[in-house]
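# Results of the structural survey
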Amino acid sequence: MKPTLSVIVSVQPGRRNLAKCLLKSGRKLVVWNRSAAKCAALSADHPGAVTAVDSPSAVLAACDLVYCMLSTPDAVKAVYEMEGGVLAGVRAGTKLVDCATLAAEDMVRLEKQVTERGGRFLEAPVSGSKGPAASGQLIFLTAGDEPLFEEIKGTDLEAMGKASFFFGAPGKGARMKLVVNMVMGTMMASLGEGLALCGAAGMDCEQLLKVLDLGVMSNGMFRLKGPKMVQSDHAPNFPLQHAQKDMRLAGELGAQLGLGLPVAAATNAAMLAAREQGLSDEDFSSVYEAQKKTKP
């Protein structure tokens, strides 16, 4: 087996799938999760290859190379700064790769906190949800420590993804991820609004999807999500609460740069309306359920 490395994983299935891809590549893992049961399940599924420990700092003590795979900015801050957290375990030689989707300034802060303790830091948010994570088809959008990127891109990143990009200084990977997710979110809101109008006009929504798929607007997301939306099937791959968080962060980035983003703002409002209807944990396609009820 390849040398052991450490993984701090989220409770999200997509994040755990990244750990499973590393295991498939022959890695042995030391893991910690905010839910001990999740670690126990991963250990049971991979006896001898996964060791669960009781704190983030214990994870970092076990290995030099660590992947953090957490779901929200609040979770990242808590896990890094808690007693026995990530920062408590950073030492000279620690190599930390963070896969969260955060604001650029959050990534810059993490990079400073890690490097001032003697560690090395690579931000590596991913484009792709639960399905691509399970099949090793994610896209890594990295920035920060370029030698560390070069060290892992042909091994671990290749095991977890189909492509990886390096964008330069800390924060630039986070910015690219927000742009990507903003485009994806506005596309989803556009499709939902189109389906809502089609249905309200007494037209066949499935026929609309066929028309869209035959023209220049054909794309994988519409093909995957459209039929499920028509059936009100919003089983989560990318939860609405996280999609809306990314829309908010993209809007804040635009404001910082003096750039208005009216389409993104409208999408954020639509997603907030859906969340107010109790759909936060459903897939981000559930924005359609709120759009069907929107009044002029």
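The notes below deal with the structure included here. In this text the structure is predicted, and so the values were computed from the model without any measurement. (Residues numbered from 1 in each chain as written. Predicted model: local features only at pLDDT ≥ 70, side-chain atom pairs only at ≥ 80, totals over all residues. Heavy atoms only, no water.)

## Some points on the overall build of the protein chain
Helix and strand counts for the protein chain stand at 15 helices and nine strands. Since a compact globule built from 296 residues should have a radius of gyration of about 19 Å, the 20 Å found for the protein chain is in line with a globular shape. Across its three principal axes, the protein chain shows a C-alpha extent of roughly 65 × 45 × 35 Å. Residues counted as buried form 50% of the 296 residues belonging to the protein chain. A sequence separation of at least 24 residues applies to 69% of the contacts in the protein chain between residues at least 6 apart. Element-wise, carbon and sulfur atoms account for 57% of the exposed surface of the protein chain, whose accessible area totals about 13300 Å². (Helix = DSSP H or I, 4+ residues; strand = E, 2+ residues; numbered from the N terminus. Rg over C-alpha atoms; globule rule 2.2 N^0.38 Å. Buried < 20%, exposed > 50% of the residue type's maximum accessible area, 1.4 Å probe, protein only. Contact = heavy atoms within 4.5 Å. Areas by Shrake-Rupley, 256 points an atom, 1.4 Å probe, with all protein chains shown as cover.)

## With respect to a nonpolar patch on the surface
A contiguous nonpolar patch, built from Met176, Val179 and Val183 and spanning about 210 Å² of accessible area, is present on the exposed surface. By relative accessible area, which is 31% here, Met176 ends up partly exposed. (Patch = residues over 30% accessible without salt bridge, like charges linked within 9 Å, V, L, I, M, F, W, Y side chains within 5 Å. Salt bridge = Lys/Arg side-chain N within 4 Å of Asp/Glu carboxyl O.)

## Some points on the nonpolar core
Formed by 29 residues in total, the largest nonpolar core has its most connected members in Leu191, Leu195, Met271 and Phe284. Only α10 (172–200), α11 (205–214), α12 (220–230), α13 (240–256), α14 (262–276) and α15 (287–291) provide two or more residues apiece to this core. In this view, Phe284 contacts Met184, Gly185, Met188, Met221, Lys225, Phe238, Pro239, Leu240, Ala243 and Met271; residues no more than four positions away in its chain are not counted. One finds Cys21, Val50, Ala124 and Phe140 within the second-largest nonpolar core, a separate group that totals 27 residues. (Core = buried A, V, L, I, M, F, W, Y, C linked by side-chain atoms within 4.5 Å.)

## Observations regarding the environment of Gly192
Residue placement: Gly192 occurs in helix α10. A residue is classified by how much of its surface remains accessible, and Gly192, at 0% relative accessible area, is buried. A C-alpha to C-alpha distance of 21 Å links Gly192 and Ser127, two positions 65 residues apart in sequence. If we ignore the near neighbours within four places in the chain, the residues touching Gly192 are Met229, Tyr288 and Gln291.

## Regarding unusual backbone geometry
Backbone geometry at Ser232 places phi at a positive 55 degrees, although glycine is not the residue there. Mapped onto the elements, Ser232 comes out in the loop between α12 and α13. The exposure class assigned to Ser232 is partly exposed, which follows from its relative accessible area of 40%.

## Description of the side chain of Gln244
Structurally, the position occupied by Gln244 is in helix α13. Residue class for Gln244 comes out buried when judged on its relative accessible area of 5%. Of note is the side chain of Gln244, whose polar atom sits 2.9 Å from the side chain of Asn268. For Gln244, the residues in contact, after removing those within four places along its chain, are Asn268, Met271, Leu272 and Arg275. (Polar contact = N/O pair within 3.5 Å; in protein donor to acceptor, adjacent residues only side chain to side chain.)

## Brief notes about the pattern of salt bridges
It is possible for side chains of opposite charge to pair when their charged atoms get near one another. In this structure the tally under the stated criterion is 13 salt bridges. Taking the shortest distance from any N to any O, the salt bridge between Glu151 and Lys95 comes out at 2.7 Å. With a gap of 56 residues between them, Glu151 in helix α8 (residues 146–152) and Lys95 in strand β5 (residues 95–98) connect regions that are remote in the sequence. You can call Glu151 partly exposed: its relative accessible area is 38%. The class for Lys95 is buried, based on a relative accessible area of 16%. Across the salt bridge formed by Asp283 and Lys225, the nearest N and O atoms sit 2.9 Å from each other. Separated by 58 residues along the polypeptide, Asp283 in the loop between α14 and α15 and Lys225 in helix α12 bring together distant segments of the chain. Overall, Asp283 belongs to the buried group, its relative accessible area being 0%.

## A word on the environment of Gly251
Topologically, Gly251 is positioned in helix α13. For Gly251, a relative accessible area of 30% translates into the label partly exposed.

## What about the packing of aromatic side chains?
Applying the stated criterion across every chain, the model contains three aromatic pairs. Note on Phe165 and Phe167: the rings are 6.2 Å apart at their centroids and 15 degrees apart in plane angle, and the pair reads as stacked. Judged by relative accessible area, Phe167 falls into the partly exposed class, the value being 27%. (Phe/Tyr/Trp six-rings, centres within 6.5 Å; stacked < 30°, edge-to-face > 60°.)

## Brief notes about α11
All of the buried residues along α11 are Cys205, Leu209 and Leu212. The buried residues of α11 occupy an angular sector of 65 degrees when the element is viewed end-on, so they sit on one face. The outward face of α11, more than 90 degrees from its buried face, is lined by the exposed residues Gln207, Lys210, Val211 and Leu214. Looking at the buried positions of α11, the neighbouring elements they touch are α10, α12 and α15. At the N-terminal end of α11, a side-chain oxygen is found 2.8 Å from the backbone nitrogen of Glu206, two or three residues along, and the residue is Asp204. (Arc of directions from axis to C-beta.)

So, to be careful, I would describe these as geometric facts and stop short of saying anything about function.
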